[in-house]
2 protein chains.
Amino acid sequence: MTNFDAIRHKVLGSGQRYIDDLKHACSIPSVSTEGMGFEAMADWVEEKLQKLGAEVSRLSVPGSPEALLGNFDAGAGRTLMIYDHYDVQPVDPLHLWESPPFQPTIRDEKLYARGAADNKGDLVARLCALEVYRDMYGDLPYNLKFLIEGEEESGSIYFEDICAAHAEQLRADDCVWEGGWFDLDGRPEMYFGCKGLLYIELHCHRLLGDQHSSTAVYAPSAAWEVLQAIASFRDAAGEICIEGFHDRVVAPGPQEMELIDAIPFNEEAQLRRLGITEFVGARTGSDLKRHLLCAPTANIDGLSAGYAVPGGQKTVLPAEAFAKLDFRLVPDQDAHDIAEKVQQHLKKKGFGHVKMTILSAENPSRSPLDSMLGDVAKATAARWFDKPATVYPLMWATGPMHVITHDLGIPICSPPGVGRPDSNVHAPNEHIHIHDFIDVIGYTVAYLKKYADRLI
Amino acid sequence: MTNFDAIRHKVLGSGQRYIDDLKHACSIPSVSTEGMGFEAMADWVEEKLQKLGAEVSRLSVPGSPEALLGNFDAGAGRTLMIYDHYDVQPVDPLHLWESPPFQPTIRDEKLYARGAADNKGDLVARLCALEVYRDMYGDLPYNLKFLIEGEEESGSIYFEDICAAHAEQLRADDCVWEGGWFDLDGRPEMYFGCKGLLYIELHCHRLLGDQHSSTAVYAPSAAWEVLQAIASFRDAAGEICIEGFHDRVVAPGPQEMELIDAIPFNEEAQLRRLGITEFVGARTGSDLKRHLLCAPTANIDGLSAGYAVPGGQKTVLPAEAFAKLDFRLVPDQDAHDIAEKVQQHLKKKGFGHVKMTILSAENPSRSPLDSMLGDVAKATAARWFDKPATVYPLMWATGPMHVITHDLGIPICSPPGVGRPDSNVHAPNEHIHIHDFIDVIGYTVAYLKKYADRLI
């Protein structure tokens, strides 16, 4: 059995250097949507990989940012892939940061910086883990591929095409995905899938210009049309009633149901956090948790029409109206198929003036729970951490996981990573606990070793 | 029979002075909602009235601006009231004005200034007409009361209370209301009533803060609640289905129907102006016109929720949502009664989290078509203008007319005034045709004389 104490000792011995590495990575402003420090971050990752002995390729398709593929070839039959991304979210609103987002700062044993949790912490922890592994055990007895993309925070628009164009180079047997969080009680989490996302805009432009509201009696209203189009997406009970929407929904199997029922979901704390007294549909317990992970949603992200200044008395019939909606999808719904169904629904229901634009279409993904990586990550977590890991058959958020699981056919597992629910991911003052970062380096060494042991 | 040529001759002789008077009035920035030049305008009107021999009172209630009452007492039994207002709309957006809004400028025989059409042009024309009348015919053989309020452009919030508090001083037998427009073909218009207006805001605040949209599966959505609340106001056919909404609607009588059917409504031009191919409900002809004047509406003035930036991919469940709606009401609907019904509807339909605020509640008003003033104004218009006046039993817009017709019990008539549909009322580059201003002075002299003749 792997000697965990030896790993912990080794990691702690170089801990300061690993923290410095992470600080360096976090000081590079690799905001994908703004093109800042983007090349510099790709170069930094490439250099790191090369120093560790990888052969690095830059993968792209026309118009795409470059994904980095760091190949550690063991000449062996089995290949483990590690997926992370080198881009980070924008930093707005900047004035809410207590220290500059790209000037990594340690306060109260936490490292504050944009990307510390999402996803440079996990990326650097894994690079460090590989170094520790080789110091302790020599070369890996299996092939390892780091796939580090650069557009996760902007919807991974080209990721599917990049993977399709380089499918041969991207063959693998298992894939480590970003990283699960520690929950508020310190329990690590692991994910084996994610929901999909269809993000659309509805736009209705009905008149040449805004009108005095007295014309409402004969002039069509863009605001009414958008509002009624959206209202028609749900029935009186609040269920999505777009024809065919649920056709491909596949209920989770008994094993997944059991896992879902076992998820600790602190209802009291959630209600308090949201400032409400009950959840939608008055759901609780298993019903609530099954819904959380297995039900698709139709969410209104934004609405805009006419004159919306509180207190003002402008009587106007707005010429146009605008809405943003997202549908979280579950296996085996297909985002493009759902888009087509929404489009058909608008047509059939007579909302021909409401134009739909697709901003994002990512499929849901559910990976087998019994993959070799899954087994190894779970078993290692059970021994490594103080508390057993919670296993999520899928998480309620969305990532480009489907490209790996479905297109490339590689089972994924997202083992415990460096973030926590209060890490302020995508928000000002993003941070991680230094302790979690060090702990995850060790845990990663441990499961890389266990994966190796399985091959013997 | 009154000698119209003599009147025209007399008015033209002093035309330049009347135009200078109007320019002076329009140079005073009496924006009611902003308190600019407000006192100065009231002083100017008071001085004008006093010079003409009126006894002027300033009417108010606690918190209200002052309404001016200029009383010309003839010691006679009959009293004619003239209603106008000395406040004007705000001037934003200022950069779209071709000449400064309070620097009255003549271009192409039009006078450009804020208030030129709404309503200083009519007010000054009537003050000038009284001067002409007295030069030509001596003192009026009936009492005349100018009632000039200062908050018409901000909803006449206190007007009802002012009139109630001074009902004795405000007794009259007929009331001249602001002024009808010349339509695009140069036909003068007269109105005998107006629609009412209930202007409300709906606000729903459902969560302590915005959430990641994945929480839509259990966290309530303010945007959905506001949207569904509004959607519930209309049935599948687009008719307002708030319980009791139509209870007090009184259909116009046969005479009013006849007048409505006779209204020239250029459907082609309206469709072109709006950029559409058919009106709501595919209505045309009499059906369209009867709807225009006799149907109440529910209009969405504004919608706002969450992240409404086109193209952006923020997946957010907004904590709050906001909407502004106006209901145009028809006789005998009561704005406060309708507000109560909307409130009850929200409650009954389960939208308890959607809070309603009333911004404005003005009742509709329909005055008898056969009042003495109505008769006189119609008969005079038929001879004075090139084209016969179109008689509207009520107009589709809203004003505080109900206070005069219902509360004070005075029949009103809005005889042809100085505005046109392209006068840019409430908009940049407000203007009137100099010719219309001069013409309306003369017409006013003529109907004041005809009103006098009826008393003999």
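Residues numbered from 1 in each chain as written. Chains lettered and ligands numbered in written order. Predicted model: local features only at pLDDT ≥ 70, side-chain atom pairs only at ≥ 80, totals over all residues.

(A) Quick peek at the overall build of chain A. Scanning chain A from terminus to terminus reveals 13 helices and 19 strands. Its C-alpha radius of gyration of 24 Å places chain A within 12% of the 23 Å reference for a compact globule of 456 residues. Taken along its principal axes, the extent of the C-alpha atoms in chain A is 80 × 45 × 45 Å. Expressed as a percentage of the 456 residues in chain A, the buried residues total 52%. Across chain A, contacts joining residues at least 24 apart in sequence account for 81% of those joining residues at least 6 apart. (Helix = DSSP H or I, 4+ residues; strand = E, 2+ residues; numbered from the N terminus. Rg over C-alpha atoms; globule rule 2.2 N^0.38 Å. Buried ≥ 20, exposed ≤ 12 C-beta atoms within 10 Å, placed from the backbone. Contact = placed C-beta atoms within 7 Å.)

(B) Up close: the pairing of strand β6 (residues 143-149) of chain A. All names here are of chain A. Taking burial as the measure, the 7 residues of β6 include 6 buried ones, the bulk of the element. Inspection of the sheet shows strand β2 (residues 67-72) paired to β6 by 5 bridges, in the antiparallel sense. Within β6, the residue paired with N71 across the bridge is K145. Across 7 bridges, strand β3 (residues 79-85) lies against β6 in parallel orientation. Paired with H85 across the two strands is E149, which belongs to β6. (Pairing = 2+ DSSP bridges.)

(C) Structural detail: the interface of chain B and chain A. Contacts between the two partners involve 57 residues from chain B, matched on the other side by 57 residues from chain A. Of all the elements in the fold, those that place two or more residues in the side of chain B that touches chain A are β10 (196-205), α6 (222-231), α9 (285-294), β12 (297-306), β13 (316-317), β14 (320-329) and β15 (354-362) of chain B. Considering each element in turn, the side of chain B that touches chain A owes the most residues, 9 residues, to β12 of chain B. In the side of chain B that touches chain A, the residues fall into 33 nonpolar, 16 polar and 8 charged. Note: strand β12 (residues 297-306) of chain A against β12 of chain B, 5 bridges, orientation antiparallel. By the bridge assignment, L303 of chain A is partnered in β12 of chain B with A305 of chain B. (Nonpolar A, V, L, I, M, F, W, Y, C, P; charged D, E, K, R; others polar.)

(D) Geometry of the environment of T284 of chain B. As for its position among the elements, T284 of chain B is in the loop between α8 (267-274) and α9. Considering only alpha carbons, one finds T284 of chain B and E267 of chain B, 17 residues apart in sequence, at a separation of 7.7 Å.

(E) Expanded view of the relation of the copies chain B and chain A. The operation relating chain B to chain A is a screw motion whose rotation component is 180 degrees, with 0.0 Å of axial translation and a residual RMSD of 0.0 Å. Taken together, the rotation and translation relating the two chain copies correspond to the operation of a two-fold axis. By C-alpha distance to the rotation axis, the residue of chain B lying nearest is S304 of chain B, at 2.4 Å. When the interface residues of chain B are mapped onto chain A, 100% of them again lie at the interface, so the same face is used by both copies. (Least-squares fit on C-alpha atoms with pLDDT ≥ 70 in both.)

(F) Molecular detail of the confidence of the model for chain A. Residue-level pLDDT values for chain A average 95, and 99% of them are 70 or greater. Model confidence for the complex: the whole-complex pTM is 0.89, and ipTM, which rates the interface, is 0.89. (pLDDT = per-residue confidence, 0-100.)

(G) Spotlight on the sheet that holds β2 of chain A. Residue and element names in this part refer to chain A. Reading across the sheet, the 6 strands line up as β1-β2-β6-β3-β7-β18 and stay open at both edges, with mixed pairing between neighbours. Looking at which strands have only one partner, the edges of the open sheet turn out to be β1 (55-59) and β18 (412-413). Bridging between β3 and strand β7 (residues 174-176) involves 3 bridges; their strand directions are parallel. Following the sheet pairing, L80 is matched in β7 by D174. Its contacts with the sheet put helix α3 (residues 38-51) on β1, β2 and β6, and the angle it makes with β2 is roughly 5 degrees. (Axes fitted to C-alpha atoms, helices over the stretch in contact; angles between N-to-C directions.)

(H) Region of the structure containing helix α13 (residues 434-454) of chain A. A rise of 1.5 Å per residue sets the reference length of α13 of chain A, with its 21 residues, at 30 Å; its end C-alpha atoms lie 31 Å apart and thus fit the reference within 8%. Taking burial as the measure, the 21 residues of α13 of chain A include 17 buried ones, the bulk of the element. (Expected span 1.5 Å × (residues − 1).)

(I) Local environment of the domain arrangement of chain A. Residues and elements named next belong to chain A. Assigned domains of chain A: these are domain 1 (4-194 + 364-454) and domain 2 (196-249 + 296-362). Using only C-alpha atoms to locate each centre, domain 1 and domain 2 end up separated by 37 Å. Between domain 1 and domain 2, the contact holds 6 residues from the first and 9 residues from the second. Taken together, the residues that form the side of domain 1 that touches domain 2 break down as 2 nonpolar, 3 polar and 1 charged. (Domains from an automatic or database assignment.)

(J) Structural context of the packing of helix α1 (residues 4-13) of chain A against α13 of chain A. Residues and elements named next belong to chain A. Between α1 and α13, the shortest axis-to-axis distance is 9 Å and the interhelical angle comes to 135 degrees. Here α1 is positioned oblique relative to α13, judged by the angle of their axes. Where α1 crosses over α13, the two elements pack in a sense that is right-handed. Of the residues in α13, those touching α1 at F4, I7, R8, V11 and L12 are I438, I441, G442, V445 and A446. Residues of the contact of α1 with α13, tallied by class, amount to 8 nonpolar, 1 polar and 1 charged. (Parallel < 35°, antiparallel > 145°, perpendicular 65-115°, else oblique. Left-handed = near helix turned anticlockwise from the far one by under 90°.)

(K) Fine view of the nonpolar core. With 271 residues, the main nonpolar core has V226 and I441 of chain A together with V226 and I441 of chain B as its most contacted residues. When neighbours within four sequence positions are excluded, I441 of chain A is seen to be in contact with V11, Y18, A125, C128, A129 and V132 of chain A. (Core = buried A, V, L, I, M, F, W, Y, C linked by C-beta atoms within 7 Å.)

(L) Spotlight on unusual backbone geometry. Residues and elements named next belong to chain A. Cis peptide bonds are those with omega within 30 degrees of zero, and the linkage from P331 to D332 qualifies with -5 degrees. In this fold, D332 is placed in the loop between β14 (320-329) and α10 (335-348). Non-glycine residue D108 carries a positive phi angle of around 50 degrees. On the secondary structure map, D108 appears in the loop between β4 (105-107) and β5 (110-112). Of note, N429 is a non-glycine position whose phi angle comes to about 60 degrees, a positive value. Relative to the elements of secondary structure, N429 occurs in the loop between β18 and β19 (431-433).

(M) Looking closely at the sheet that holds β4 of chain A. Residue and element names in this part refer to chain A. Strands sit in the order β4-β5-β19 across an open sheet of 3 strands; the sheet is antiparallel. The outermost strands of the open sheet, each flanked by one partner alone, are β4 and β19. Between one strand axis and the next, the sheet turns through 25 degrees on average, direction left out of account. On the sheet, helix α4 (residues 116-137) packs against β5 and β19 and is oriented at approximately 50 degrees with respect to β19. Strands β4, β5 and β19 of the sheet are contacted by α13, whose axis makes an angle of about 65 degrees with β19.

(N) The arrangement of the environment of G374 of chain B in detail. All names here are of chain B. When you line up the elements, G374 lands in helix α11 (residues 372-384). G374 sits in the buried class, given 21 other C-beta atoms within 10 Å. Taking C-alpha positions, G374 is 7.6 Å from I412, a pair spaced 38 residues apart along the chain. For G374, the residues in contact, after removing those within four places along its chain, are F192, L369 and C413.

(O) Quick look at α9 of chain B. All names here are of chain B. When we look at burial in α9, the residues that qualify are K289, L292, L293 and C294. The buried residues of α9 occupy an angular sector of 165 degrees when projected down its axis, which confines them to one face. In this structure, the buried residues of α9 make contact with α7 (254-262) and β17 (390-392). (Arc of directions from axis to C-beta.)

(P) Main features of the environment of D183 of chain B. All names here are of chain B. Within the secondary structure, D183 sits in the loop between β7 (174-176) and β8 (189-191). Residue classification places D183 among the partly exposed residues on the basis of 18 C-beta atoms within 10 Å. In this structure, the C-alpha to C-alpha distance between D183 and G419, residues 236 residues apart in sequence, is 8.8 Å. With residues near it in sequence (within four places) discarded, D183 still touches E189, T390 and P421.

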